[in-house]
Amino acid sequence: MNVLLITFSFPPVGGVGVLRALSLAKYLPSEGIRVDVLTARNAPAVGRDQALLQQVPSDVTVHRTWTLDLPFTLRKGIKKLLTRGKAPKSSSALAPAGRPGLMNRLQGLIANLLLPDPQIGWLPFAYPAARRIIRSRKIDAVIITVPPFSSVKLAARLRKAFPALPIVLDFRDEWLTTTLELVSFNSNERARRIARQTESEAVSAATAVVAVTRNAADELRKRYPRQPATKFLTVPNGYDDTPSPRPRSEPQRVDKVTLTYMGSVYGTTDPRTLLEAVAGLPADVRDRLRIRFIGHVETPAYRQALAALAPTVELVGFLPMSEAHRQLAASHYALLITQDPINVSAKFYDYLGAGKPIIAAVHPEGEVRRLLDETGAGEWASVNDPASLRQLLIKAVNRVTPEGIVPHRPRSEAVAAYHRKPLTRRYASLLQSFSQERA
């Protein structure tokens, strides 16, 4: 079977956002599936990670096309201009009505041009390349993994060109209920209308729609009641490392209890309530605590809030995945922050693989809280409750033994279910079922 995997970002682009596409390219060949990857040659990225590229099997063919998207630093500069560098306060549009002036009109114009998202500039290159690859490589099925959500437009276009071709839409994040509201470049009424129409057309064109959480699959299923319920499936994200009963690299004798956060800091991972909890810690507890942030801090207001709590809070910046994992392994806890009740950050599964106990500030009714309860991988408090978060931090600091050991007994079978290899096997079964139906 021959599969085309369409993904805007792919190694050597770094960060957790590329790991799902990488895992499919890495493990599908062992299930008898030949993989071609179509990706953007110049996709903006916070950093590069050549070690991730080395994980791509030699028999996977990677096709790279240009995109009109801007370099990462320039794109972030424009976003800072549009949002005026402020942390998001709500799901309001970037250019709300009632704020007159040339700058406001310019903000609205730019924001409304780049819909559904700024990566729309890849499609003029990606679509003809996909058609060519499907024909020349005798592709049997296509997977389109998003975000960026503009890529779902390829589903409807490819359906017109190839009426019988199985097309899978792979949503790493749920779009309309959460991402559009919490972290979108633009969420005004025009943006919402285009997003709704774009997703609806794509879902209608797709053979199957895969989400990474149960809640996200349920949202999609409820949104499109006229589509067969069996069209909406769940294949979670996962990890590659195998957790051991004892962490592979334990911290030495304690002078500081270290919590490490991996990944970008942006709207859904607003750290300010957690920082309020840290600021109110008893002096003796705070003196023993170090919170390390590895990754890009997208919003200047968040960076300022984090920097204000130095030296308790340490900003490391982007690191290649191997180095980030090394620093995580030398920590006592993995730190997770999310306001999102539906989506689960890919870093959660990396934390599972690292075997580190997780300290989480989460939505109390969200998917991350459910996964923590299911796996026994850590403890949580509400992301909007600084007093509860403060107590969770005090408990975490006091639990560490003088030798640097943290008592931690996750449910090993529940954790093992999220390894990427068996999860990719589930994906392979879905793809192979298309061939059986067409036979």
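First things first, this report covers the structure right here in the doc. (Residues numbered from 1 in each chain as written. Predicted model: local features only at pLDDT ≥ 70, side-chain atom pairs only at ≥ 80, totals over all residues. Heavy atoms only, no water.)

Quick look at helix α16 (residues 386–399) now. Here α16 contains 14 residues, and its C-alpha end-to-end distance of 20 Å stays within 8% of the 20 Å for a straight helix at 1.5 Å per residue. Turning to α16, its buried residues are Pro 386, Leu 389, Arg 390, Leu 392, Leu 393, Ile 394, Ala 396 and Val 397. (Helix = DSSP H or I, 4+ residues; strand = E, 2+ residues; numbered from the N terminus. Expected span 1.5 Å × (residues − 1). Buried < 20%, exposed > 50% of the residue type's maximum accessible area, 1.4 Å probe, protein only.)

Burial analysis of strand β12 (residues 358–362) places 5 of its 5 residues in the buried class, the great majority of the element. Side chains of β12 alternate between two faces, with Ile 358, Ala 360 and Val 362 and Ile 359 and Ala 361 buried alike. Relative to β12, strand β11 (residues 333–337) runs parallel, the two being bridged by 4 bridges. Within β12, the position partnered with Ala 334 by the bridge is Ile 358. One crossover worth recording links β11 to the parallel β12 by way of helix α14 (residues 346–354), and it is right-handed. The pairing of β12 with strand β13 (residues 378–382) spans 5 bridges and is parallel. Paired with Ala 361 across the two strands is Ala 381, which belongs to β13. Traced from β12 through helix α15 (residues 367–375) to β13, the parallel crossover comes out right-handed. (Pairing = 2+ DSSP bridges. Right-handed = clockwise from strand over helix to strand, strands pointing away.)

In this section: the packing of aromatic side chains. Pairs of aromatic rings are described using the distance from one ring centre to the other and the angle between the two planes. Considering all chains together, one arrives at 6 aromatic pairs under this definition. Where Tyr 261 meets Phe 293, the ring centres are 5.1 Å apart and the plane angle is 35°; that geometry is what we call tilted. Taken together, the residues span a long stretch of sequence, with Tyr 261 in strand β8 (residues 257–262) and Phe 293 in strand β9 (residues 289–294) at a distance of 32 residues. The buried category is assigned to Tyr 261, whose relative accessible area is 0%. Members of the aromatic cluster, each reached through a chain of ring pairs, are Phe 149, Phe 171 and Trp 175. Above the ring of Trp 66, the side-chain terminus of Arg 41 is found at 5.2 Å from the ring centroid. (Phe/Tyr/Trp six-rings, centres within 6.5 Å; stacked < 30°, edge-to-face > 60°. Lys NZ or Arg CZ within 6 Å of the ring centre and 35° of its normal.)

Attention now goes to the pairing of strand β4 (residues 141–146). A regular strand carries its side chains on alternate faces of the sheet. Counting buried residues in β4 gives 6 out of 6 residues, a clear majority hidden from the surface. Burial along β4 is two-sided: Ala 141, Ile 143 and Thr 145 facing one way and Val 142, Ile 144 and Val 146 facing the other are all buried. Relative to β4, strand β1 (residues 2–7) runs parallel, the two sharing 5 bridges. Following the sheet pairing, Leu 4 is matched in β4 by Val 142. Two strands pair when backbone bridges link them, and β4 and strand β5 (residues 167–171) are joined in this way by 5 bridges, in the parallel orientation. Paired with Val 146 across the two strands is Phe 171, which belongs to β5.

To locate leftover empty space, one rolls a probe as large as a water molecule over the atoms. Tallying each qualifying case throughout the model produces 1 cavity of 30 Å³ or more. Size it by volume and the largest cavity reaches roughly 80 Å³. Every residue lining the largest cavity is listed: Arg 20, Ser 23, Leu 24, Val 235, Pro 236, Asn 237, Gly 238, Arg 420, Leu 423, Thr 424 and Tyr 427. Those elements that provide at least two residues to the lining of the largest cavity are α1 (19–27) and α18 (420–438). Of the residues belonging to the lining of the largest cavity, the class tally is 5 nonpolar, 4 polar and 2 charged. (1 Å grid on protein atoms, 1.4 Å probe; cavity = no way out; pocket = protein on both sides within 12 Å on 5 of 7 lines; lining within 4 Å. Points joined across faces, edges and corners; volume = space filled by probe spheres on them. Nonpolar A, V, L, I, M, F, W, Y, C, P; charged D, E, K, R; others polar.)

All right, on to the sheet that holds strand β2 (residues 34–40) then. Here we have 7 strands laid out as an open sheet, ordered β3-β2-β1-β4-β5-β6-β7, and parallel in their pairing. In this open sheet, the two strands that pair with only one neighbour each are β3 (61–65) and β7 (232–234). The average undirected angle you get between the axes of adjacent strands in this sheet is 20°. Here α1 sits on the sheet in contact with β1, β2, β4, β5 and β6 (208–211), set at roughly 165° to β1. (Axes fitted to C-alpha atoms, helices over the stretch in contact; angles between N-to-C directions. Contact = heavy atoms within 4.5 Å.)

Moving on: the sheet that holds β9. A sheet is described by the order of its strands in space; here 6 strands give the open sequence β10-β9-β8-β11-β12-β13, paired in parallel fashion. Strand pairing shows two members of the sheet lacking a second neighbour, β10 (313–317) and β13, which therefore form its edges. Sheet twist, expressed as the mean angle between neighbouring strand axes with direction ignored, is 25°. Sitting on the sheet, α14 touches β8, β11 and β12, and the angle it makes with β8 is about 135°. Strands β8, β9, β11, β12 and β13 of the sheet are contacted by α16, whose axis makes an angle of about 155° with β13.

Within this structure, the stated rule accounts for 20 salt bridges. A salt bridge links Arg 221 to Asp 218; its shortest N-O distance comes to 2.7 Å. Note that Arg 221 and Asp 218 are positioned in helix α9 (residues 214–223) at a spacing of 3 residues, about one turn of the helix. For Asp 218, a relative accessible area of 34% translates into the label partly exposed. Among the ionic pairs, Arg 420 bridges to Asp 240, the shortest N-O distance being 3.8 Å. Remark: Asp 240 occurs in the loop between β7 and β8 and Arg 420 occurs in helix α18; sequence separation between them is 180 residues. Salt bridges linked by common partners bring Lys 26, Asp 240, Asp 350 and Arg 420 together as one network. (Salt bridge = Lys/Arg side-chain N within 4 Å of Asp/Glu carboxyl O.)

Mapping Glu 219 onto the fold places it in helix α9. Ignoring any residue separated from it by four or fewer positions in sequence, one finds Glu 219 in contact with Glu 174, Thr 177 and Ile 342.

In this section: the side chain of Ser 23. In this fold, Ser 23 is placed in helix α1. On the basis of relative accessibility, which here comes to 6%, the residue Ser 23 falls in the buried class.

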